[in-house]
Amino acid sequence: MTAFPFDKVQARFDQPVELIYVDPVQDPLTPADYEVLEFARATWKHRGRREAVILERFGYTLTRYIQRLHHILDHPDAAAYDAQLVNQLRRLESKRAAHRNTLNRGVL
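Quick notes on the pattern of salt bridges
Stage number 1. Considering all chains together, one arrives at five salt bridges under this definition.
Stage number 2. A salt bridge links Glu-38 to Arg-41; its shortest N-O distance comes to 3.1 Å. Within this pair, Glu-38 and its partner Arg-41 are both found in helix H1 (residues 31-41), separated by three residues, close to a single helical turn.
Stage number 3. Of the residues examined, Glu-38 reaches a relative accessible area of 32% and is grouped as partly exposed.
Stage number 4. Ionic pairing is found between Arg-41 and Asp-82, a salt bridge with its closest N-O pair at 2.5 Å. Note that Arg-41 is positioned in helix H1 and Asp-82 in helix H4 (residues 76-105), a separation of 41 residues in sequence.
Stage number 5. Connected through shared salt-bridge partners, Glu-38, Arg-41 and Asp-82 make up one network.

Parameters at a glance
- Residues numbered from 1 in each chain as written.
- Predicted model: local features only at pLDDT ≥ 70, side-chain atom pairs only at ≥ 80, totals over all residues.
- Heavy atoms only, no water.
- Salt bridge = Lys/Arg side-chain N within 4 Å of Asp/Glu carboxyl O.
- Helix = DSSP H or I, 4+ residues; strand = E, 2+ residues; numbered from the N terminus.
- Buried < 20%, exposed > 50% of the residue type's maximum accessible area, 1.4 Å probe, protein only.

Put into structure tokens, the structure is as follows:
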């Protein structure tokens, strides 16, 4: 962990608060991170089953799993491990995001 450029910042009521900047890319991926990456390789016919397996295997909700996966995909070690998988998952997510945006705008 690296300290934020300012050692202390004045907060409300003149109480000093230490700010800490965490750079997630500095820490190497853990074996559990690689397991999440390998799990993302699998395809599922039924979403409910996938959610149940994620909860059982990792102890994550689907939302937390997706957040964790995105964090892993942003890590340089993930691309070094399997660049093709990382690029495929990023492409899928960008397609889903584009689809969500069109739905939110009411355009089909």
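Back to the write-up after that little detour.
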